[in-house]
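Report on the structure
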Amino acid sequence: MSLKGRHVIDPNDLTLEEIQEVVDLGLKIYSNPSAYAEICKGKILGTLFYEASTRTRLSFESAMLRLGGSILGFSDASTTSVKKGETIADTIRVMDDYADILVMRHPREGAPKLASQYATVPLINGGDGGHQHPTQTLTDLITIKHYKGEIKNLKVALCGDLLFGRTVHSLLKTLSRYEGMKFILISPPELKVPYHLKNEILENYDVEIVETNCLETHMPEIDLLYMTRIQKERFFNEEDYVKLKDSYIVNRDKLQNAKEDMLILHPLPRVNEINYDVDTDPRGKYFEQARLGIYVRMALIALLTGVIEVC
Amino acid sequence: MSLKGRHVIDPNDLTLEEIQEVVDLGLKIYSNPSAYAEICKGKILGTLFYEASTRTRLSFESAMLRLGGSILGFSDASTTSVKKGETIADTIRVMDDYADILVMRHPREGAPKLASQYATVPLINGGDGGHQHPTQTLTDLITIKHYKGEIKNLKVALCGDLLFGRTVHSLLKTLSRYEGMKFILISPPELKVPYHLKNEILENYDVEIVETNCLETHMPEIDLLYMTRIQKERFFNEEDYVKLKDSYIVNRDKLQNAKEDMLILHPLPRVNEINYDVDTDPRGKYFEQARLGIYVRMALIALLTGVIEVC
Amino acid sequence: MSLKGRHVIDPNDLTLEEIQEVVDLGLKIYSNPSAYAEICKGKILGTLFYEASTRTRLSFESAMLRLGGSILGFSDASTTSVKKGETIADTIRVMDDYADILVMRHPREGAPKLASQYATVPLINGGDGGHQHPTQTLTDLITIKHYKGEIKNLKVALCGDLLFGRTVHSLLKTLSRYEGMKFILISPPELKVPYHLKNEILENYDVEIVETNCLETHMPEIDLLYMTRIQKERFFNEEDYVKLKDSYIVNRDKLQNAKEDMLILHPLPRVNEINYDVDTDPRGKYFEQARLGIYVRMALIALLTGVIEVC
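Residues numbered from 1 in each chain as written. Chains lettered and ligands numbered in written order. Predicted model: local features only at pLDDT ≥ 70, side-chain atom pairs only at ≥ 80, totals over all residues. Heavy atoms only, no water.

Topic: helix α7 (residues 195-204) of chain B
All names here are of chain B. Within α7, the full set of buried residues consists of L197, K198 and I201. Buried residues of α7, viewed axially, fall in a sector of 100°; they line one side. Exposed residues lying more than 90 degrees from the buried face of α7 are Y195, H196, E203 and N204. (Buried < 20%, exposed > 50% of the residue type's maximum accessible area, 1.4 Å probe, protein only. Helix = DSSP H or I, 4+ residues; strand = E, 2+ residues; numbered from the N terminus. Arc of directions from axis to C-beta.)

As structure tokens, then:
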């Protein structure tokens, strides 16, 4: 089934084959970008950002420009007709004439899903509240594929705020669909993965899950360490925060027992959960991850607009 | 007379022949856009929006991109040198170097007119306060031409807030210049077309005008129904508002006695003055109208920059 | 030494030969822009404006578009990850993937310098606080070269707020490096050039400096009159302001004794320090200066990205 004309709202709207298609095309473009430098000539990407997110917006815009296309849009809602009482449905029915493909970021969960029901051009969810952010998950996947060769039989540690972290939930669900995955979920007790999500995954997929509050004891067995920010205000009391915060900071010291080929990722921006001394460690690939995110978005744009149709 | 290098501030700056030129070119582009996809290559459109208007801005930007040109600009005044005390004249003398054609939106009436006196490149008024908005009028005209074949001998109903509605005033004045036009002006008594405007039209043009507060009784004779928003705060008292508001909402029910080929337009955004059940009625063409607005802007840009010169 | 891949943070990072290279290429492009209309095809300029500056941003964007490249970026910091606590170093390590060359404007002195230490693509300082603004200096230089033929043996008057004026400090330092320069520094006593800057220049360069509070007496000998804004709030008391302000306004009257070929420049925006009656005087070239600023930026972009390498 072709991806041409499809909307991408939830990473799990895509089959594993479709994800592979996007990731593989992303890596092909990455290895030879000039071959794709004009394939979107004459196409317009519309960026509808009802909530500011410079990084996501610029990554998409860079992707479209690097395919030879053009961009237009807005970067925060304050300049739109929302305040005049217009519905999302009406807005999208107008906006979809301005562009050949749309990315929508919205503070309200479900808004991109609703919008996609009215859009006559492909619409990509660029993040909706604490809900979905499919191109972050695709970014994570292309990075794993690039550095690990295959997404298979990996021991994946997700570390930090696993309760509120949208990125982590999406990644966890999507990785569960791959063969032989084992998860180590590392967080303070208050910030564990929601019970219903853990249950859903254990019921539907053949995975192993270990929950712990200690990163260091598991370090030697981890293939992929996925770090996320812990916001101080998520803790119930200051004492807990002070006690725990250092456990969730990776530094060179803690990496001494880690595998040589362990991969450290982070959706960025980081605050202090990865020490700067890790930046020069060959295992820290979070900046490469951000770069690969451009290429996976190029692939997605190329496939949804139909300028490339993988058979 | 060629439109090359001209400014467009007021729709009535254009002769009927010039309007026809723009509208006809817009329809030609609409029917074969790929033939025009590169005619503005190397040209830059500057969007100077001293007041936010995402819809108008993006429509212009899409138009320029679809002609193969580029865009730059700003979407609200807060980021400009206005606050440093610079005059519009000075600003424009700098800005007109950055682009080959400018669109200016400004909260102050007359600002685009003033700016055009200093601009060395064509300047289009993208809306100035409650004053003029010529490309909305051109959008209305291209839609009428497209669906009616000719702008001639039409019974046009303008419905809603006819006192403050800039769009309606422009359209009324411009349509009056065409042959055989009859107007039914439908509004609450408090929101009638300003007396001076009505008089000006009756004195200068050979038209018929009927004023009424009732949409339904006139429905069967209307060729074009142009709906606009009524803002609650325009009413003098709550009681009037409650009594009248439903009369100015079109729905399927009220359309039962309407002509088969009646055209329903709206400058958008709508709030509730057109019921959603009208969206699927073949007479409701307000979203097509927004789409045609891109093409008429493409035509205007092509003619003002001189990349196309109609003889 | 080639400029390819270099950062430009301080105008004095460039040798006089390099400045000449940029200025000469700027003038070549100015005299034949169409020959350069596609040289940056496929290249992206990223505009990172942590502080609004529409004029500088649009000048850079116009420059890149006129070279056939593309643009992306943001126009104020409110939409960035700064508020999430991300460091400039991290931000730049992500942003430098989105574009092939970056311009950064930042309210904090030194921020672009810091950023350049992490950027893998050329980074241009678009102004940092009251510190440096190298492309304004290059704009001044290309204008002098264009109208004077050579930057040599000139009597240059800098007039207005010489204490806080970033533009003036940069220009003063850079012009001091040229042969045979004499400066007349005209300001109220409270707003004189900082003592350390004057000393630094006198110690390092072979220049003459005269300080005065009177523009009129020096008028007949000036080759280049560089005006700047004086903000009322810079004065210690209202009385001084009222007494002095008119002395620092140029008008036709005061120009009667000026040389025929004197050049009047201003970094813009002006408020009232140059009377409007000077706009039509052939000596007033401040709007031409703004235009030439686009071409010197085109030259800089072409040289830093390496699409043109002057031998």
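There is more to say after this.
Some points on the interface of chain B and chain A
Note: interface size is frequently given as the accessible area lost on complex formation between the parts. Contacts between the two partners involve 25 residues from chain B, matched on the other side by 22 residues from chain A. Together, R55, L58 and F287 of chain B form the three largest contributors to the area buried by chain B at its contact with chain A, with a combined 26%. There are six salt bridges connecting chain B and chain A. Here R291 of chain B ties to D97 of chain A by a salt bridge, and the two come within 2.8 Å at their closest N and O atoms. Where chain B touches chain A, the interface holds eleven residue pairs in polar contact (both at pLDDT 80 or more). Within the residue set of the side of chain B that touches chain A, elements represented by two or more residues are α2 (54-66) and α9 (286-305) of chain B. Of all the elements, α2 of chain B adds the most residues to the side of chain B that touches chain A, at nine residues. In terms of residue class, the side of chain B that touches chain A is built from eleven nonpolar, five polar and nine charged. (Contact = heavy atoms within 4.5 Å. Buried area = accessible area lost by both parts, 1.4 Å probe. Salt bridge = Lys/Arg side-chain N within 4 Å of Asp/Glu carboxyl O. Polar contact = N/O pair within 3.5 Å; in protein donor to acceptor, adjacent residues only side chain to side chain. Nonpolar A, V, L, I, M, F, W, Y, C, P; charged D, E, K, R; others polar.)

A look at the pairing of strand β4 (residues 123-128) of chain B
Residue and element names in this part refer to chain B. With six of its six residues buried, β4 lies for the most part within the structure. Judged from the four bridges that link them, strand β3 (residues 101-106) and β4 form a sheet pairing that is parallel. Residue M104 lies in a different strand from β4, and its bridge partner there is N125. After leaving β3, the chain enters helix α4 (residues 111-116) and then returns to the sheet as β4, a path that is right-handed. (Pairing = 2+ DSSP bridges. Right-handed = clockwise from strand over helix to strand, strands pointing away.)

Examining the interface of chain C and chain B
Taken together, the contacts link 25 residues of chain C with 22 residues of chain B. When chain C packs against chain B, close to 2,100 Å² is buried across both sides, 54% of that on carbon and sulfur atoms. Applying the counting rule to chain C against chain B returns six salt bridges. Among the secondary structure elements, those contributing two or more residues to the side of chain C that touches chain B are α2 (54-66) and α9 (286-305) of chain C.

Quick look at unusual backbone geometry
All names here are of chain A. With an omega of -5°, the peptide bond running from L268 to P269 counts as cis. Tracing the backbone through its elements, the reader meets P269 in the loop between β9 (263-265) and α9 (286-305). Residues other than glycine seldom take positive phi values, yet N153 does so here, at roughly 50°. Note that N153 resides in the loop between α5 (134-148) and β5 (155-159). When its relative accessible area of 48% is taken as the criterion, N153 is described as partly exposed. With a phi angle near 60°, L268 is a residue other than glycine that sits in the positive phi range. Within the fold, L268 resides in the loop between β9 and α9. For L268, a relative accessible area of 10% puts it in the buried group.

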